[in-house]
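Structural characterization, general
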Amino acid sequence: MNCVAIVAEFKLGKLDPSTYELISKGRDIADAFKTKLYLIMLGEKIDEVIEELSNKGLDQIIAYEHPLLNHYTDAYINILYETFKELKPSLILLIHSFTSMDLAPALAAKLHANIVTNCTDLLIEDNKLIPVRSMYGGKVWVRIGVEDEKPLIVSIQKGVIKPKERIELPKAQILRRSVELKEDELKVKFLRILEPKPAEIDITKADLIVAAGRGVGDKSGLKLVEQLAEALGATLACSRPLIDLGWLPSERQVGLSGKTVKPKLYIACGISGASQHIVGMKDSKIIVSINTDSKAPIFDYSDYAIIGDLRKIIPAIIEELKLKES
Ligand SMILES: Cc1cc2nc3c(=O)[nH]c(=O)nc-3n(C[C@H](O)[C@H](O)[C@H](O)COP(=O)(O)OP(=O)(O)OC[C@H]3O[C@@H](n4cnc5c(N)ncnc54)[C@H](O)[C@@H]3O)c2cc1C
């Protein structure tokens, strides 16, 4: 195996902490295959971050600094392509993010590499790399076999790798490379950041959450979930389909492209448990799920499973709460 290379997730002058998760995984793999671990970093004003990364277990940091690299554009694809052509890594690791959703497939096409995105792990078995990811909305987990001879690009979900505590770490060699960029030569131009409207509620601060999923069926089903939240004094949250339907505002979405919550109690009503939802609520203290499907993946993460129709179960819970109050 040739070397392992990581693409740092660096935005607006800040390193996303998920980069440390990649470094930990990358170090394990580089050690197992007795090869080197590189990190490629693109951005502006990156001195402090490079310093911080230099003692985290990398063999070499290759840094490109330019004001036009402060935001993701096609310049990233071109610079990384040239770098990887020279470095010839067998494995390229990225965090699964809005940037890598564009960048990783573009690199794979240019490098003729294998690509597996949105993984939850990357295992080594019989001297082979096995990316792991869920499919069919979290119903099955697959281990993916990849052709050996091509480079492999893997993007990994944030938060699924716990960085290891290490005592002896190599000090990274730092290689700064200059880059010539002209704004009018870029095909993708950064215009502006559209900040979301200030949220009326912050579900990440709630101790009690009642979340609605597509299983509510229609707005009357959603109303029932709202009534349960009200009866418990809980905050209402939801899975993504309810945002897509325009039934609730995006600030209430839990999951990969929504918010990460860690309440004391999370009640999931009619939510199947797709990995993109689970990643945002799995660290809740107690998880209760109501679902008609006894095989729904959400039950694998639940402390209490209520198998049945939420239209019957929620009114019964509300009734019970009222009886307790009186
Ligand atoms: C890049 C990307 C990012 C994403 N980000 C997110 C994210 O941040 N958050 C998120 O939630 N999703 C996200 N998704 C979508 C995700 O993959 C799933 O499609 C989504 O989570 C499914 O929502 P759900 O569980 O409500 O609906 P479904 O998967 O349709 O599940 C509905 C569930 O309700 C149950 N049900 C039906 N009727 C009843 C009833 N009467 N009573 C009780 N149970 C019932 C069914 O058995 C089923 O299990 C993302 C997807 C992608 C590709």
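Within each chain, residue numbers correspond to sequence positions counted from 1 in written order. Totals for whole chains, interfaces and linings use all residues, but because this is a predicted model, local features are given only for residues with pLDDT of at least 70 and pairs of side-chain atoms are given and counted only at 80 or more. Hydrogen atoms and water are omitted, and side-chain values are computed over all heavy atoms in the structure.

1. A few points about the domain arrangement of the protein
Inclusion rule: Start and end positions for the domains come from either an automated domain assignment or a database one. Should any heavy atoms of two residues lie within 4.5 Å, those residues are considered in contact. Summed over both partners, the accessible area (1.4 Å probe) lost when two parts come together is defined as the buried area.
Along its sequence, the protein is carved into domain 1 (4–185) and domain 2 (203–325). If you average the C-alpha positions of domain 1 and of domain 2, the two centres end up 35 Å apart. Contact residues are listed per partner, giving 11 residues for domain 1 and 10 residues for domain 2. Summed over both sides, the interface of domain 1 with domain 2 buries roughly 740 Å², with 56% coming from carbon and sulfur.

2. Structural notes on the sheet that holds strand 6 (residues 91–95)
Rules: Paired strands are those between which DSSP finds at least two bridges. Secondary structure is summarised from DSSP: a helix means a run of H or I of at least four residues, a strand means a run of E of at least two, and numbering begins at the N terminus for each. Lines fitted to C-alpha atoms define the axes, with helix axes restricted to the stretch in contact, and inter-axis angles between N-to-C directions lie between 0 and 180 degrees.
An order of 7-11-6-1-4-5-12 is seen for the seven strands of this open sheet, with the pairing classed as parallel. Edge positions in the sheet fall to strand 7 (114–119) and strand 12 (173–177), since each has one partner strand and no second. Strand-to-strand twist across the sheet, computed as the mean angle between neighbouring axes with direction ignored, equals 20°. Across three bridges, the pairing between strand 1 (residues 4–7) and strand 6 is parallel. Paired with valine 4 across the strands is leucine 91, a residue of strand 6. Packing of helix 3 (residues 74–87) onto the sheet brings it into contact with strand 1, strand 4 (37–43), strand 5 (60–65), strand 6 and strand 12, and relative to strand 4 it is tilted by some 155°.

3. What to know about the side chain of serine 54
Definition in use: For every residue, the accessible area (1.4 Å probe, protein chains only) is compared with the maximum for its type, and the residue is labelled buried under 20%, exposed over 50%, or partly exposed between those bounds. Whenever two N or O atoms come within 3.5 Å, that pair is a polar contact, provided that in protein one can donate a hydrogen and the other can accept it, and provided that, for residues adjacent in sequence, both atoms are side-chain atoms.
Inspection of the secondary structure puts serine 54 in the loop between helix 2 (47–53) and strand 5. Taking relative accessible area as the criterion, serine 54 reaches 1% and is therefore assigned buried. A polar contact of 2.7 Å, which involves the side chain of serine 54, links it to the backbone oxygen of glutamate 51. Within the structure, the side chain of serine 54 is placed 3.3 Å from the side chain of lysine 171, a separation counted as a polar contact. Ignoring any residue separated from it by four or fewer positions in sequence, one finds serine 54 in contact with Ile61, Pro170, Lys171, Ala172 and Ile174.

4. Quick notes on the sheet that holds strand 17 (residues 304–307)
Strand order in this open sheet of five strands is 14-13-15-16-17, and the pairing throughout is parallel. For this open sheet the edge positions go to strand 14 (235–238) and strand 17, each flanked by a neighbour on one side alone. For this sheet, the mean inter-axis angle between neighbouring strands, taken without regard to orientation, is 20°. Here four bridges tie strand 13 (residues 208–212) to strand 14, and the two strands are oriented parallel to one another. Residue alanine 211 lies in a different strand from strand 14, and its bridge partner there is alanine 237. Across the sheet, helix 5 (residues 219–232) is in contact with strand 13, strand 14 and strand 15 (265–269); its angle to strand 13 comes to roughly 175°. Running at roughly 130° to strand 16 (residues 286–291), helix 8 (residues 310–325) makes contact with strand 15, strand 16 and strand 17 of the sheet.

5. Looking at the side chain of asparagine 118
Tracing the backbone through its elements, the reader meets asparagine 118 in strand 7. Residue asparagine 118 is classed as buried on the basis of its relative accessible area, which comes to 8%. One polar contact links asparagine 118 to glutamine 157, side chain to side chain, over a distance of 2.8 Å. Excluding residues that lie within four positions of it along the chain, asparagine 118 makes contacts with His96, Arg133, Ser155, Gln157, Leu256 and Gln276.

6. A closer look at the packing of helix 3 against helix 4 (residues 98–111)
Quick note on the threshold: Any angle that falls under 35 degrees is termed roughly parallel, while one over 145 is termed roughly antiparallel, one within 65 to 115 roughly perpendicular, and all others oblique. It is the rotation of the near helix from the far one that decides the hand of a crossing: anticlockwise by less than a right angle makes it left-handed, clockwise makes it right-handed. When residues are sorted by character, Ala, Val, Leu, Ile, Met, Phe, Trp, Tyr, Cys and Pro go into the nonpolar class, Asp, Glu, Lys and Arg into the charged class, and all the rest, Gly among them, into the polar class.
At their nearest, the axes of helix 3 and helix 4 sit 10 Å apart, and the two run at 45° to each other. The angle between helix 3 and helix 4 falls in the class oblique. The handedness of the crossing between helix 3 and helix 4 comes out as right-handed. Residues Tyr76, Ile77, Asn78, Leu80, Tyr81, Phe84 and Lys85 of helix 3 touch helix 4, and the partners they reach there are Asp102, Leu103, Ala106, Leu107, Lys110 and Leu111. Residue composition of the contact of helix 3 with helix 4, grouped by class: nine nonpolar, one polar and three charged.

7. As for the layout of surface pockets
As a reminder, the rule being used: Think of a 1 Å grid over the protein atoms and nothing else: a 1.4 Å probe that fits but is trapped marks a cavity, an open set flanked by protein within 12 Å on at least five of seven lines marks a pocket, and residues with an atom within 4 Å of a point count as lining. Grid points are joined across faces, edges and corners, and a volume is the space filled by probe spheres set on the points.
The volume enclosed by the second largest pocket comes to roughly 410 Å³. Residue lining of the second largest pocket: 22 residues in total, with Ser90, Asp148, Lys150, Pro151 and Leu152 positioned closest to the centre. For the lining of the second largest pocket, the secondary-structure elements that each account for two or more residues are helix 3, helix 4 and strand 9 (128–135). Residue contributions to the lining of the second largest pocket peak at three residues, all from helix 3. In the lining of the second largest pocket, the residues fall into 11 nonpolar, three polar and eight charged.

8. A look at the environment of arginine 192
The topology assignment puts arginine 192 in the loop between strand 12 and strand 13. For the pair formed by arginine 192 and threonine 292, sequence separation is 100 residues and the distance between their alpha carbons is 45 Å.

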